[in-house]
Amino acid sequence: MKMRKFLTVICFIVLAQPSAFAQLANDVDLDTLIPGSSGEPTTAVYPTGFPARGGDVDWGLALSGGGLRSAAFSIGVLKALHQQKLLDHIDVISSVSGGGYASYWMYSKYDGDPATRFGDGAFDDSVFTKNVCDLARKSEFLPLRRMIGGLFSSDDSAFRKYREAIEYTFGANDNKTRDEKRNVGEEPLLPFTAFNQKISATGAPYFILNTTIAKDHTKGKTKYNIERSFEIGPTYRGNSVFGFAEWAGDPAVKTWCGGVALSAAAIRFKLARKMPNESDGLKDAPKEITMYDGGFSENLAALPLIQRRMKNIIIVDAENDAAYKFPSYQALKKYLWDAHKITLGVEKIDGFLSNTKRGKTFKDAAVAKGFVKYQDGAESTVYYIKMSRPDTIFGSKEKGLDVEGKPLPKPKRSKTRPTVCDNGFPTVTRESLRTGMLSYSQFINETWTWRYLFKALPYINYNFPELATVDQTYYRDQLEAFIGLGYLETLEMKAYAPLLSSNEAH
């Protein structure tokens, strides 16, 4: 028994790394947007009734898994999309695991007022620095002692503690302490339907949380692991095997942050949840189906957007990929072709992977343009943002200069978390994020005394930005470095300004 507990702890520690880790009217009634509302059998089609934030449903954003690293990087991406007014055109945000942390953080700061531009509550210059400070203040997300303690709790208790950690860190700022958050229960938390009447052209994007169905539920109907990816939205849930059904409000996952926790439930034997199966797409299916972290099936969260033929798809890839093998991209690419004869291609990534003499780091592009080509010849445009070290941002290390010819900042690290966040913060700028990110990167990769030891340890990556931590915590400079990198990479969407301007009016 003692040995079993010991092995369980080791398993938990390993998995605890971030790696495991139509046009419609503005007053559309989201309650009617379920598959089959146009007469199709609910088990035969993908739900397509998403409201457009403009003319057509033509922009989708996919936020990958990757724990706190992905959350921070994705927040930087969202900040840049908001600044460039591209967030105004995103119709659907599909997320998995850590990407869902970032999505929930953004939605939690939306007041639902029709006069409020979506994203302002999180990213407007007047509040962004304070919001990041608040996030850093609460960034002792799941320290090792709490994770190990969760192992010896009941499964329900472990899931509740995980959900509470997500709500405390990424939920609404209400000035409650962690202990106070534990005692509030579920009633004050955002329900899935919180913004149903505000998801429209003048409100918020539709959202999808992606999970994974346990393999034994599919009755041999799934040939590919990706086919076990299961979608949860505010008005429906399902996948191509089980079909799709109207969301009925499952007792296992009552709240929005509970859905995020399920999408990020990497410790399957403790955090997996059973949910009622209300669809009839699979004969003899169990009355309850077990689900856990969506990263175990499709870690990019791009499949729902491709299946619906979104005209423009932004894929944010912040998964743990120290060798830059693009495993989730390659798995999705293979599945789409083998199962559906759909071609996914991103030239700079495919070229990098095919070069047998390539380096160990992807430096070719901050934003790589690609495509999805369907059997009937229709195409979607892909903008692939890989968390990496693009030369356009990091410049030439040999010369000691960045890409703009300026000296790299002096390496430093500050192991601190703010204790309070008041008003009066300086405005975050491209330069401030760039300086902080490059400084932290140089410190970790070139200066930190312990870097050689950590590089030698198994399962631990230590080469920014491919950092994996056993403790699911971040200090302020580390958090801001990942936010800064996501922000800087996504600013390079401006290279596609002529194409994007043609879509300004949707």
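Residues numbered from 1 in each chain as written. Predicted model: local features only at pLDDT ≥ 70, side-chain atom pairs only at ≥ 80, totals over all residues. Heavy atoms only, no water.

1. Some points on the overall build of the chain
Consideration 1: Check the secondary structure of the chain and you find 18 helices and 14 strands.
Consideration 2: Looking at the chain residue by residue over its 506 residues, the buried ones come to 55%.
Consideration 3: Surface accessibility of the chain: about 20,800 Å² in total, with carbon and sulfur atoms responsible for 52%. (Helix = DSSP H or I, 4+ residues; strand = E, 2+ residues; numbered from the N terminus. Buried < 20%, exposed > 50% of the residue type's maximum accessible area, 1.4 Å probe, protein only. Areas by Shrake-Rupley, 256 points an atom, 1.4 Å probe, with all protein chains shown as cover.)

2. Some words on the state of the cysteines
Consideration 1: Here the structure, examined in full by the defined rule, presents one disulfide.
Consideration 2: Two residues share a disulfide in this structure: cysteine 133 and cysteine 421, whose sulfurs sit 2.1 Å from each other. Looking down the S-S bond of the cysteine 133 and cysteine 421 bridge, the torsion is -85°, so its handedness is left-handed. Here cysteine 133 is found in helix H5 (residues 128–137), whereas its partner cysteine 421 is found in the loop between helix H14 (391–394) and helix H15 (430–447), with 288 residues between them in sequence. Comparing cysteine 133 with cysteine 421 shows no difference in burial state: the two are buried. (Disulfide = S-S within 2.5 Å.)

3. Structural notes on the environment of leucine 63
Consideration 1: Looking at the secondary structure, you find leucine 63 in strand E1 (residues 59–63).
Consideration 2: Judged by its relative accessible area of 0%, leucine 63 is buried.
Consideration 3: Sequence separation between leucine 63 and valine 77 is 14 residues, and the spatial gap between their C-alpha atoms is 9.5 Å.

4. What to know about the packing of helix H3 (residues 98–107) against helix H7 (residues 155–170)
Consideration 1: Close contact between H3 and H7 brings their axes to 9 Å; oriented N to C, the two are set at 50°. Looking at the two axes, H3 sits oblique to H7. Considering only the axes of H3 and H7, their crossing is right-handed. Here Tyr101, Tyr104 and Trp105 of H3 lie close against H7, whose contacting residues are Tyr162, Ile166, Glu167, Thr169 and Phe170.
Consideration 2: Residues that form the contact of H3 with H7 fall into these classes: six nonpolar, one polar and one charged. (Axes fitted to C-alpha atoms, helices over the stretch in contact; angles between N-to-C directions. Parallel < 35°, antiparallel > 145°, perpendicular 65-115°, else oblique. Left-handed = near helix turned anticlockwise from the far one by under 90°. Contact = heavy atoms within 4.5 Å. Nonpolar A, V, L, I, M, F, W, Y, C, P; charged D, E, K, R; others polar.)

5. Describing the nonpolar core
Grouped burial of nonpolar side chains is what soluble globular proteins tend to show.
Consideration 1: Counting residues in each nonpolar core, the largest one holds 135 residues, and the members touching the most others are Tyr101, Ile314 and Tyr384.
Consideration 2: It is helix H2 (residues 67–83) that provides the largest number of residues to this core, a total of nine residues.
Consideration 3: In this structure, tyrosine 384 is in contact with Leu300, Ile315, Asp317, Phe326, Tyr329, Val346, Ile349, Ala366, Val367 and Ala368, ignoring residues within four places of it in sequence. (Core = buried A, V, L, I, M, F, W, Y, C linked by side-chain atoms within 4.5 Å.)

6. Some remarks on the packing of aromatic side chains
Aromatic rings in a pair are described by how distant their centres are and how their planes are angled relative to each other.
Consideration 1: Applying the stated criterion across every chain, the model contains 29 aromatic pairs.
Consideration 2: Taking the centre distance of 5.2 Å and the plane angle of 55° together, the rings of tyrosine 107 and phenylalanine 118 count as tilted. Here the residue tyrosine 107 occupies a position in helix H3, and phenylalanine 118 occupies one in the loop between H3 and helix H4 (120–123), the gap between them amounting to eleven residues. There is no split in this pair, since tyrosine 107 and phenylalanine 118 are both buried.
Consideration 3: Ring centres of phenylalanine 123 and phenylalanine 128 lie 6.1 Å apart, and the angle between their planes is 40°; on these two criteria the pair is classed as tilted. (Phe/Tyr/Trp six-rings, centres within 6.5 Å; stacked < 30°, edge-to-face > 60°.)

7. Some thoughts on a nonpolar patch on the surface
Consideration 1: Residues Trp450, Leu453 and Leu457 make up a contiguous nonpolar surface patch of roughly 300 Å² in combined accessible area.
Consideration 2: Here leucine 453 lies in helix H16 (residues 451–456). (Patch = residues over 30% accessible without salt bridge, like charges linked within 9 Å, V, L, I, M, F, W, Y side chains within 5 Å. Salt bridge = Lys/Arg side-chain N within 4 Å of Asp/Glu carboxyl O.)

8. Considering the pairing of strand E4 (residues 229–232)
Consideration 1: Taking every second residue as pointing to the same face, both faces of E4 are buried, with Ser229 and Glu231 on one and Phe230 and Ile232 on the other.
Consideration 2: One ladder, built from four bridges, connects strand E3 (residues 206–213) with E4; its direction is antiparallel. Bridge pairing links asparagine 210 to glutamate 231 in E4.
Consideration 3: When E4 meets strand E5 (residues 236–239), the two strands line up antiparallel, connected through two bridges. In the sheet register, isoleucine 232 faces E5, and the bridge partner there is arginine 237. (Pairing = 2+ DSSP bridges.)

9. Considerations on unusual backbone geometry
Consideration 1: Here the amide bond leading from phenylalanine 464 into proline 465 is cis, since omega sits at 10°, within 30 degrees of zero.
Consideration 2: Within the element layout of this structure, proline 465 appears in the loop between strand E13 (462–463) and strand E14 (466–467).
Consideration 3: Here the phi dihedral of lysine 85 falls at roughly 65°; this positive angle occurs in a residue that is not glycine.
Consideration 4: Its location among the elements puts lysine 85 in the loop between H2 and strand E2 (92–96).
Consideration 5: In the Ramachandran plot, tyrosine 324 falls in the positive-phi region, its phi being about 50° despite a non-glycine side chain.

10. Here's the deal with the packing of H2 against H3
Consideration 1: Relative to each other, H2 and H3 sit at 45°, their axes nearing to 7 Å. In terms of orientation, H2 and H3 fall into the oblique class. The handedness of the crossing between H2 and H3 comes out as right-handed. Listed contacts from H3 to Gly67, Leu68, Ser70, Ala71, Ser74, Ile75 and Leu78 of H2 are Gly98, Gly99, Tyr101, Ala102, Trp105 and Met106.
Consideration 2: Among the residues forming the contact of H2 with H3, the class breakdown is eight nonpolar, five polar and no charged.

11. Details of the pattern of salt bridges
Consideration 1: Inspection of every chain in the model, using the stated rule, returns 16 salt bridges.
Consideration 2: With a shortest N-O distance of 2.5 Å, aspartate 338 and lysine 334 are connected by a salt bridge. Highlighted residues: aspartate 338 and lysine 334, both in helix H12 (residues 327–340), separated by four residues, approximately one helical turn.
Consideration 3: Counted as one network, the salt bridges with shared partners bring together Asp88, Arg117 and Asp120.

12. Some points on the confidence of the model for the chain
Consideration 1: Per-residue confidence for the chain gives a mean pLDDT of 81, with 80% of residues at or over 70.
Consideration 2: Within the chain, helix H1 (residues 2–15) has the poorest average pLDDT of any element, 40, and strand E10 (residues 343–346) the best, 98.
Consideration 3: Counting contacts from residues 1–44, a segment whose pLDDT is below 50, to residues more than four positions away or on other chains yields 93 contacts.
Consideration 4: Scored below 50 in pLDDT, residues 502–506 makes 14 contacts in the model with residues more than four places away or belonging to other chains. (pLDDT = per-residue confidence, 0-100.)

13. With respect to the side chain of serine 380
Consideration 1: Within the fold, serine 380 resides in strand E12 (residues 379–386).
Consideration 2: Within the structure, the side chain of serine 380 is placed 2.7 Å from the backbone oxygen of methionine 310, a separation counted as a polar contact.
Consideration 3: Apart from the residues lying within four places of it in its own chain, the contact partners of serine 380 are Arg309, Met310, Lys311, Ile313, Gly370, Phe371, Val372 and Tyr374. (Polar contact = N/O pair within 3.5 Å; in protein donor to acceptor, adjacent residues only side chain to side chain.)

14. Re the pairing of strand E7 (residues 273–276)
Working note: regular strand, side chains alternate between the two faces of the sheet.
Consideration 1: Residues of E7 alternate between two faces, with Arg273 and Met275 buried on one and Lys274 and Pro276 left unburied on the opposite face.
Consideration 2: Of the strand pairs in this sheet, E7 and strand E8 (residues 288–293) are connected by four bridges, and their pairing is antiparallel. Bridged to arginine 273 within E8 is methionine 291.

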